[in-house]
Each structure stands twice: as structure tokens, then as C-alpha cells.
Amino acid sequence: MSGMTQPTLELSAVHRRFGDVVAVDDVSLEVRPGETVALLGPNGAGKTTLLEMVLGLLRPDRGAIRVLGASTEKATAGGHVGAMLQEGGLPPGARVAELVDLVRRLYPRPMALEDVLRLTGLEALVGRRVERLSGGEQQRVRLALALAGHPELLVLDEPTAAMDVGGRRAFWPAVRGYVAGGRSLVFATHRLEEADEVADRVVVMYAGRVVADGDPAEVK
């Protein structure tokens, strides 16, 4: 890959505090096209705050964030970023295929409905109401919603925290199948084994700072 390729995500000295608490402390980070990066750290390390700033949900107190060379707001509005946050309800009564199709139609360059359903393993659940799905199945629906716009950057915040082992085993192949096409993935986790298995680069955060950054073997 050429060194001139534009980074998917650039963070430059990003800082955010809440009152007296520094949540993110001068973090600089670059994610290249096709790269899968795990943000690894305990609760309170600053992972969620950092991802919310990447998505434009929070503004940094100082520093800069660029997604594909644009502002976070412009990149998100253009459908270049897809996200799964820790908390996000699904509307009761909605059927799986109807909900995914509704969301994908909001984007300028959506993925085909059949491709989203196939990739996330929801083909057998298209007519099921979301409240009748298991926890793992609901997470796959949330993943389908994140992928619906065909984003270049996929952002996942502790996506398997509430899943059992079987749910995690079904979830990550779907994610890897999507990013294998050269798209970028950034996900937060507190599980070292998950970061080791899924990511090709691990960024360890503690108390708002990056304390290690390398491939899984180096970090371990």
C-alpha cells in the first residue's frame, strides 16, 4: 500500500474533560484503510469518550479529528461511518428486514438489503419482530444497521459485552467479512483475548492516555 494513501481516521492531540475529570488526554492516533484496531482498556479508560468524539457525538476540548480527510460531522452525514454503541434500542414491533431496509434507505450509497442480511446471518430472521430475538441476534441486527450505509469506517463500542461465547463466535466472522474488503474497523473492548483474535493492531488506553500501541503479540 502506498505511503500516500489517505488515512481513514486521524486524531491529533485530542483532549476531553468532564469537570475535573480528564477522560481523554492528548491522544494521537492514525488508522489506515483496511486496518482493524482494538482499543483495549478497563472501564473508565476513555475508550467510549474517544469513540463518541470520532462519531461527532462529543466535541473535543482541543485537538483535531478527521475522517477520510473531512470533519466527523461531514463524514458521518455522508454515510462514510457506521457505528454500534453500547446502548441503542431497537423499536418494538419492527421486523428485521423492514428495519434494516428503512435505515439503509437513509444513506446515499447503501449496501443491498440482501447483502446486509447475508453478511450478518439474518436471512432466516427477516420476518421476526426484534423483541423476539435473542440478545446475540439483536446485536447482529444492530451490526446490520451499522453496515447498511456501506461505510468506509466501522466503529464498535464493546459490541460483544452482553453476548455469550456462541454469540461472539457468530458476531465476529460477520464483522471480519465486511472489513476484509479494505474497510477500516475500530472497536473498543476490555477483553484481551478478543483484541488478540480480531485486531491486527491493539491500542491500550488507561486513564485517558494511550499507553501501548502495536500488534497483539507486542502488546501481550
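Read on for an overview of the structure. None of these values were measured; they are calculated from a predicted model.

Rules used in this analysis
- Residues numbered from 1 in each chain as written.
- Predicted model: local features only at pLDDT ≥ 70, side-chain atom pairs only at ≥ 80, totals over all residues.
- Heavy atoms only, no water.
- Helix = DSSP H or I, 4+ residues; strand = E, 2+ residues; numbered from the N terminus.
- Expected span 1.5 Å × (residues − 1).
- Buried < 20%, exposed > 50% of the residue type's maximum accessible area, 1.4 Å probe, protein only.
- Arc of directions from axis to C-beta.
- Axes fitted to C-alpha atoms, helices over the stretch in contact; angles between N-to-C directions.
- Parallel < 35°, antiparallel > 145°, perpendicular 65-115°, else oblique.
- Contact = heavy atoms within 4.5 Å.
- Nonpolar A, V, L, I, M, F, W, Y, C, P; charged D, E, K, R; others polar.
- Pairing = 2+ DSSP bridges.
- Salt bridge = Lys/Arg side-chain N within 4 Å of Asp/Glu carboxyl O.

Thoughts on helix 6 (residues 165–179)
Alright, step 1. An ideal rise of 1.5 Å per residue puts 21 Å on 15 residues; helix 6 measures up with 22 Å between its terminal C-alpha atoms.
Alright, step 2. Among all positions in helix 6, only Gly 167, Arg 168, Phe 171, Trp 172, Ala 174, Val 175, Tyr 178 and Val 179 are buried. What you see down the axis of helix 6 is that its buried residues fit within an arc of 160°, all on one side.

Some remarks on the packing of helix 5 (residues 135–147) against helix 6
Alright, step 1. Put simply, helix 5 and helix 6 touch, their axes get as near as 10 Å, and they point 10° apart. Comparing the axis directions of helix 5 and helix 6 gives the class roughly parallel. Between helix 5 and helix 6, the residues in contact are Gln 139, Arg 140, Leu 143 and Leu 147 and Ala 170, Phe 171, Ala 174, Val 175 and Tyr 178, respectively.
Alright, step 2. For the contact of helix 5 with helix 6, the per-class residue count stands at seven nonpolar, one polar and one charged.

With respect to the sheet that holds strand 3 (residues 36–40)
Alright, step 1. Taken in spatial order, the six strands make up an open sheet running 5-6-7-3-8-9, and their pairing is mixed. Two strands bound the open sheet, and with one partner strand each, they are strand 5 (81–84) and strand 9 (209–214). Strand-to-strand twist of the sheet, defined as the mean angle between neighbouring strand axes without regard to direction, takes the value 15°.
Alright, step 2. Seen against the sheet, helix 5 touches strand 5 and strand 6 (153–157) and runs at an angle of roughly 165° to strand 5.

So, the pattern of salt bridges
Where charged atoms from two side chains of opposite charge come close, those side chains can pair.
Alright, step 1. A full pass over the atoms with the stated rule returns 11 salt bridges.
Alright, step 2. Among the salt bridges present, the one from Arg 209 reaches Asp 25, with a minimum N-O distance of 3.0 Å. Of the two residues, Arg 209 is situated in strand 9 and Asp 25 in strand 2 (residues 21–31); the sequence distance between them amounts to 184 residues.
Alright, step 3. On the accessibility criterion, Arg 209 (46% relative accessible area) is partly exposed.
Alright, step 4. For Glu 73, the salt bridge is made with Arg 59, and the minimal N-O distance between the two is 3.6 Å. In this pair, Glu 73 sits in helix 2 (residues 72–77) while Arg 59 sits in the loop between helix 1 (47–54) and strand 4 (62–67), placing the two residues 14 residues apart along the sequence.
Alright, step 5. Taking the relative accessible area as the measure of exposure, Glu 73 reaches 36% and is therefore partly exposed.
Alright, step 6. Residues joined by salt bridges that share partners form a network here, namely Glu 35, Arg 201 and Asp 213.

Observations concerning the sheet that holds strand 2
Alright, step 1. Pairing is antiparallel across the open sheet formed by three strands, whose spatial order is 2-1-4. Looking at strand neighbours, the two that pair on one side only are strand 2 and strand 4, the edges of this open sheet. On average, each strand axis in the sheet is inclined to that of its neighbour by 20°, with strand direction left out of account.
Alright, step 2. Inspection of the sheet shows strand 1 (residues 9–18) paired to strand 2 by seven bridges, in the antiparallel sense.

In short, geometric facts, not functional conclusions.
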